[in-house]
Amino acid sequence: MVDQDVYDRGREIRTAVLGAAYVQKAADAADDFTGPFQDLVTEYCWGAVWGRDGLPRKTRSMLNLAMLAALNRPDELRTHVRGALTNGVTREEIREVFLQVAVYAGVPAAAEAFRTARTAFDDADHR
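Residues numbered from 1 in each chain as written. Predicted model: local features only at pLDDT ≥ 70, side-chain atom pairs only at ≥ 80, totals over all residues. Heavy atoms only, no water.

Caption draft 1: Quick peek at the overall build of the chain. Each helix and strand in the chain was counted, giving seven helices and zero strands. If you list the helices and strands of the chain from N to C, you get α-α-α-α-α-α-α. Taking 2.2 N^0.38 as the reference for a compact globule, 127 residues should give roughly 14 Å; the C-alpha atoms of the chain span a radius of gyration of 15 Å, in line with that estimate. Looking at the chain as a whole, 34% of its 127 residues are labelled buried. (Helix = DSSP H or I, 4+ residues; strand = E, 2+ residues; numbered from the N terminus. Rg over C-alpha atoms; globule rule 2.2 N^0.38 Å. Buried < 20%, exposed > 50% of the residue type's maximum accessible area, 1.4 Å probe, protein only.)

In structure tokens form, the structure reads like this:
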């Protein structure tokens, strides 16, 4: 059962970070199979966790970049690189995050992260 207030806060934050077009595309693509997952992501990830006051959005973005790079999740990483830029993370800070990933999670993970970020930067530059 969805907590509507937390869900609404999550939708607001998700839209602010990832953009209205991205969120709407995800909502439009949801069906009987994927809809509950979209609700979970919106309520739990974006509302219950991103909606907390303990860390600024910029810090949350940098943490996501490191974790997604370490886990080698390039599609999600590309999305969160764009979100990080929205949240004020500079390209230089993103580079530093990925250098940190290289030391603690391995050079191959960081290499993939750098490639993914370059694609996200190109996307951002051509919007």
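Caption draft 2: How the structure looks around the packing of aromatic side chains. Taken as a whole and assessed by the stated rule, the structure comprises two aromatic pairs. With centroids separated by 5.6 Å and ring planes inclined at 70°, the aromatic side chains of Phe98 and Phe114 adopt a geometry described as edge-to-face. Here Phe114 lies in helix H7 (residues 107–125) and Phe98 lies in helix H6 (residues 91–105), a separation of 16 residues in the sequence. On the basis of relative accessible area, Phe114 is assigned to the partly exposed category, the value being 33%. (Phe/Tyr/Trp six-rings, centres within 6.5 Å; stacked < 30°, edge-to-face > 60°.)

Caption draft 3: Region of the structure containing the pattern of salt bridges. Using the criterion set out here, one finds seven salt bridges in the structure. For the salt bridge of Arg9 with Glu12, the shortest nitrogen-to-oxygen distance reads 3.3 Å. With Arg9 and Glu12 both in helix H1 (residues 4–18) and three residues apart, this pair spans about one turn of that helix. For Arg9, a relative accessible area of 32% corresponds to the partly exposed category. Take Glu12: its relative accessible area is 49%, and that puts it in the partly exposed class. (Salt bridge = Lys/Arg side-chain N within 4 Å of Asp/Glu carboxyl O.)

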